[in-house]
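The residues making up each chain are set out below.
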Amino acid sequence: VAGLAVIGVTVAGPAAALGARPGLPRPPAAKELRTEYQAQPNFYYCGPAATRIALTVDGAAPGQDELAAALGTTVAGTDSVLDVTRVLNDVGDTNDYRTTAIPGQRATAKQRERMREDITRAIADGRPVVVNVIGTAADTAGGTHAYPGGHYLTVVGYRDEGRLVRIADPANVNGVSSYWMATTDLANWAATRGYSA
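Each chain has its residues counted from 1, following the order in which its sequence is written. Owing to the predicted nature of the model, reporting of local features is limited to residues with pLDDT of at least 70; listing and counting of side-chain atom pairs is limited to 80 or more, with chain, interface and lining totals taken over all residues. Based on all heavy atoms of the structure, the side-chain values leave hydrogens and waters out of the count.

Glancing now at the side chain of Asn-132. Mapped onto the fold, Asn-132 is located in strand β3 (residues 129-138). From its side chain, Asn-132 meets the backbone oxygen of His-151 in a polar contact 3.1 Å long. Per the convention used, a helix needs a DSSP run of H or I reaching at least four residues, while a strand needs a run of E reaching at least two, with both numbered from the N terminus. For the purposes of these results, a polar contact is taken to be a pair of N or O atoms within 3.5 Å, where, inside protein, one atom must be able to donate a hydrogen and its partner to accept one; residues adjacent in sequence count only when each atom of the pair is a side-chain atom.

For every element, the axis is a line fit to its C-alpha atoms; helices are fit only across the contacting stretch, and the angle between N-to-C directions ranges from 0 to 180 degrees. As a packed pair, helix α1 (residues 46-55) and helix α3 (residues 81-91) sit with axes 11 Å apart at the nearest point and diverge in direction by 35 degrees. Crossing handedness for the pair α1 and α3: right-handed. Of the residues in α3, those touching α1 at Thr-51, Ala-54 and Leu-55 are Val-84, Val-87, Leu-88 and Val-91. What makes a crossing left-handed is the near helix being turned counterclockwise from the far one by less than a right angle; a clockwise turn instead makes it right-handed. We call two residues contacting when some pair of their heavy atoms lies within 4.5 Å.

This part covers the pattern of salt bridges. We count a salt bridge whenever a side-chain nitrogen from Lys or Arg sits within 4 Å of a carboxyl oxygen from Asp or Glu. Summed over the entire model, instances satisfying the criterion amount to 9 salt bridges. Ionic pairing is found between Glu-161 and Arg-163, a salt bridge with its closest N-O pair at 3.3 Å. Using a 1.4 Å probe on the protein chains alone, a residue whose accessible area is under 20% of its type maximum counts as buried, one over 50% counts as exposed, and one in between counts as partly exposed. Among the residues examined, Glu-161 registers a relative accessible area of 31% and is labelled partly exposed. For Arg-163, a relative accessible area of 41% corresponds to the partly exposed category. Each of Arg-26, Asp-160, Glu-161 and Arg-163 takes part in salt bridges that share partners, so that together they form one network.

This part covers the environment of Leu-24. Along the chain, Leu-24 turns up in the segment before β1 (31-32). Assessed through its relative accessible area of 41%, Leu-24 is described here as partly exposed.

Next up on the list: helix α2 (residues 64-71). All of the buried residues along α2 are Gln-64, Leu-67, Ala-68 and Leu-71. Burial along α2 is one-sided: seen end-on, the buried residues are contained in an arc of 105 degrees. Residues of α2 that are exposed and point more than 90 degrees away from the buried face comprise Asp-65, Glu-66 and Ala-69. Buried residues belonging to α2 abut α1 and α3. Following α2 by one or two positions, Gly-72 adopts a phi angle in the positive range, close to 75 degrees. By construction, the arc corresponds to the directions joining the helix axis to the C-beta atoms.

Pasting the structure below:
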């Protein structure tokens, strides 16, 4: 259970388009980060599990119970991706993570492009991206992933210049812990919610 939607357009910091960041190298066409996967142990720990997966990129990460306490996770889930951003920055001792909301029922073309740019920049910089989704989406192999109450997952890689993303899904439904998805589909899946990148 993912908790409450991000209300309004709350952005914890600027995330400029790739073309608007002079002096920074262009991200590679494809990159996948090495993380440690761990499934969520119950129906409401997707937030702590997804956050933990992201934090393992730098080695050992706190356990899911410790992260759940920091996130304020209850049996109703983790309230907002804003909490995830805060914990990623606090535990990772950084200020690099920002929250981006997708407030409409579907992502606009600009929001889809922004997500692609944010993911490629974050992954290129060594930061997995945590996304809060709701509803149903299909992966590139045709598998469907349904979370009517909401869910958190972690983007650990991309290819085709960010048009496809590799998702580590802590739900591990039917033994599927990882899959590829079009970034456009992920952005629409995150509509009414948002992501930490």
